Amino acid sequence: MTGAPAPDVPLAPDAPGARADVLHTLFHSDQGGHEQVVLCQDRASGLKAVIAIHSTALGPALGGTRFYPYANEAAAVADALNLARGMSYKNAMAGLDHGGGKAVIIGDPELVKTEELLLAYGRFVSSLGGRYVTACDVGTYVADMDVVARECAWTTGRSPENGGAGDSSVLTAFGVYQGMRASAQHLWGDPSLRGRRVGVAGVGKVGHHLVGHLLAEGADVLVTDVREDSVRRVTDSHPGRVTAVADTDALIRAEGLDIYAPCALGGALNDASVPVLTAKVVCGAANNQLAHPGVEKDLADRGILYAPDYVVNAGGVIQVADELHGFDFDRCKKKAARIFDTTLAIFARANEDGIPPAAAADRIAEQLMAAGRSAREH
């Protein structure tokens, strides 16, 4: 997953060759290697969706459903492929008996999301017979999964009233917090974040819970978000304890920043942001933070410690996976707490192999998947 393309940068508008490019990505082993991609359309409800299964080497593919107004269908397919591959690595590093998959629904959820559309989507997921297990992601919520589950047994992230675990952002934030503590331990010799200046970009579903953990430990917290109401919710909840800054560009340039936590959409670490980043650690909840191959080396060359995103943000997938076996919050929290040790092990492997942490995490995940594939073949 090192240097994965930013999922939220739209591709060029539809043009001759665009579809061929998607197929090339799908069948090119270095970028794709996916087992299955399903294009879903239901004219009656308006559903247009893509379900991508990257790997089932370790078990049924598990990953959320993103509902997003993509610029075009090619961008949606590319996003599904990229996110599904990331879930294979995430689930492997989280120690789950699951491979990686992801689904995207094309459209603005504020405008086109309906019960009929979600039910139609649930029927498509169900048609895969358990090869793909879905959950929440950007643009989908617990209430949506309750609807999908009416047509599909392989649905997690449901409400407690409907046999589910509820909001997975709580444990996602807890896992990122553990990753920060491990980063502090590795870089400064002490896991405590007391007095550390932490900038959180994106204080939505996950970010606002992360802020709570940081403040409880005595960190100095700066926040920003494209939604003013999200920032206001955090500042109102913690009066006088959180500093709001104008935008992400101002946040990453903030004087004395110790840790930068990208918690919005992907591609936050790129050729524009890395050279001006003042933080010594990057550890956040966003998926696919590295905009392109080579960014992980740029960070290392600047002496910035990067905690791989798919490792530290795995608390949510740990929770939804547990839901399949009868959810127990305490059991999940103990598993999510192990993200601290996993992150430290990645830093140790990076030092041992002389490579950036992102590359070290990839190597470990790939070894786990290869072992799982070999075990199934024999």
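Here, the structure is the one placed above.
To start, this report covers the structure provided alongside it.

### Looking at helix α7 (residues 207-217)
Residue pairs spaced three or four apart in an α-helix point in one direction, given the helix's 3.6 residues per turn.
Phase 1: Within the span of α7, buried status applies to Gly-207, Leu-210, Val-211, Leu-214, Leu-215 and Glu-217. Down the axis of α7, the smallest arc covering the buried residues is 160 degrees, so these residues share one side.
Phase 2: Where α7 is buried, its residues contact α6 (169-188), β7 (197-201), β8 (220-224), α8 (228-237), β9 (242-244) and β10 (259-262).
Phase 3: Positioned one or two residues after α7, Gly-218 has a phi angle of 95 degrees, which is positive.

### Digging into the pairing of β8
Looking down a regular strand, the side chains alternate between one sheet face and the other.
Phase 1: Burial analysis of β8 places four of its five residues in the buried class, the great majority of the element.
Phase 2: Bridge count between β7 and β8: five bridges; the pairing is parallel. Within β8, the residue paired with Ala-201 across the bridge is Thr-224.
Phase 3: Handedness of the β7-α7-β8 crossover: right-handed.
Phase 4: Two elements, β8 and β9, share three bridges in a ladder whose sense is parallel. Residue pairing for β9: Val-223 is matched across the bridge by Ala-244.

### So, the nonpolar core
Phase 1: The biggest cluster of nonpolar side chains holds 45 residues, and the ones touching the most others in it are Met-180, Val-200, Leu-210, Val-211, Leu-214, Val-221 and Val-223.
Phase 2: Counting residues per element, this core draws most heavily on α6, which supplies seven residues.
Phase 3: Not counting the four nearest positions on each side in its chain, Val-200 is found in contact with Gly-207, Leu-210, Val-211, Leu-214, Val-221, Leu-222, Val-223, Thr-224, Leu-251, Ala-261 and Cys-263.
Phase 4: By size, the runner-up hydrophobic cluster in this structure holds 22 residues, among which are Leu-47, Ala-49, Ala-103 and Leu-118.

### Some points on the side chain of Thr-343
Phase 1: Mapped onto the secondary structure, Thr-343 falls in helix α14 (residues 339-353).
Phase 2: Within the local environment of Thr-343, its side chain forms a polar contact with the backbone oxygen of Ile-339, the two atoms lying 2.7 Å apart.
Phase 3: What Thr-343 contacts, discounting residues up to four positions off in sequence, is Gly-179, Ala-182, Ala-307, Val-311 and Val-312.

### Observations regarding the pattern of salt bridges
Phase 1: With the rule as written, the count across this model stands at 19 salt bridges.
Phase 2: Taking the shortest distance from any N to any O, the salt bridge between Asp-137 and Arg-66 comes out at 2.8 Å. Residue Asp-137 is located in the loop between β6 (132-133) and α5 (142-149), and its partner Arg-66 is located in strand β4 (residues 65-68); the two are separated by 71 residues in the primary sequence. Across the pair, Arg-66 and Asp-137 agree in class, each one buried.
Phase 3: Put simply, Arg-150 and Glu-115 hold a salt bridge, and the shortest N to O gap is 2.6 Å. Of this pair, Arg-150 sits in the loop between α5 and α6 while Glu-115 sits in helix α4 (residues 115-126), placing them 35 residues apart in sequence.
Phase 4: Classification of Arg-150 by relative accessible area gives exposed; the value is 53%.
Phase 5: For Glu-115, a relative accessible area of 36% gives the class partly exposed.
Phase 6: One network of salt bridges, in which partners are shared, links Arg-66, Asp-79, Lys-102 and Asp-137.

### Remarks on the sheet that holds β8
Phase 1: One open sheet holds the six strands; their spatial order is β9-β8-β7-β10-β11-β12, and the pairing between them is parallel. Pairing within the sheet leaves two strands with one partner each, and these edge strands are β9 and β12 (305-306).
Phase 2: Sheet topology note: the β10/strand β11 (residues 281-282) ladder contains two bridges and is parallel. Each residue of the ladder has a partner; that of Tyr-260, found in β11, is Val-282.
Phase 3: Against the sheet, α7 contacts β7, β8, β9 and β10, and its axis sits at roughly 170 degrees relative to β7.

### Regarding the packing of α4 against α5
Phase 1: It is at 7 Å that the axes of α4 and α5 come closest, and there the two elements cross at 60 degrees. Classified by the interaxial angle, the pair formed by α4 and α5 is oblique. Once α4 is placed against α5, the crossing between them reads as right-handed. Along its contact with α4, which presents Glu-115, Leu-118, Leu-119, Tyr-121 and Gly-122, the element α5 presents Asp-144, Val-147 and Val-148.
Phase 2: Here the contact of α4 with α5 is built from residues that sort into five nonpolar, one polar and two charged.

### Digging into the packing of aromatic side chains
Phase 1: Tallying each qualifying case throughout the model produces three aromatic pairs.
Phase 2: Measuring from ring centre to ring centre gives 5.0 Å for Tyr-68 and Tyr-70, while their planes differ by 65 degrees; the resulting arrangement is edge-to-face.
Phase 3: Residue Tyr-70 is classed as buried on the basis of its relative accessible area of 10%.
Phase 4: A cation sits over an aromatic face here: Arg-196 above Trp-188, 3.8 Å from the ring centre.
Phase 5: When the ring centre of Tyr-141 is taken as reference, the NZ or CZ atom of Lys-205 above it lies at 4.5 Å.

### What to know about the pairing of β7
Phase 1: The element β7 is extensively covered by neighbouring structure, given that four of its five residues are classed as buried.
Phase 2: Here β7 runs beside β10; their pairing, made up of four bridges, is parallel. From the neighbouring strand, Val-198 faces β10, where its bridge partner is Ile-259.

Thresholds, definitions, all that
- Residues numbered from 1 in each chain as written.
- Predicted model: local features only at pLDDT ≥ 70, side-chain atom pairs only at ≥ 80, totals over all residues.
- Heavy atoms only, no water.
- Buried < 20%, exposed > 50% of the residue type's maximum accessible area, 1.4 Å probe, protein only.
- Helix = DSSP H or I, 4+ residues; strand = E, 2+ residues; numbered from the N terminus.
- Arc of directions from axis to C-beta.
- Contact = heavy atoms within 4.5 Å.
- Pairing = 2+ DSSP bridges.
- Right-handed = clockwise from strand over helix to strand, strands pointing away.
- Core = buried A, V, L, I, M, F, W, Y, C linked by side-chain atoms within 4.5 Å.
- Polar contact = N/O pair within 3.5 Å; in protein donor to acceptor, adjacent residues only side chain to side chain.
- Salt bridge = Lys/Arg side-chain N within 4 Å of Asp/Glu carboxyl O.
- Axes fitted to C-alpha atoms, helices over the stretch in contact; angles between N-to-C directions.
- Parallel < 35°, antiparallel > 145°, perpendicular 65-115°, else oblique.
- Left-handed = near helix turned anticlockwise from the far one by under 90°.
- Nonpolar A, V, L, I, M, F, W, Y, C, P; charged D, E, K, R; others polar.
- Phe/Tyr/Trp six-rings, centres within 6.5 Å; stacked < 30°, edge-to-face > 60°.
- Lys NZ or Arg CZ within 6 Å of the ring centre and 35° of its normal.

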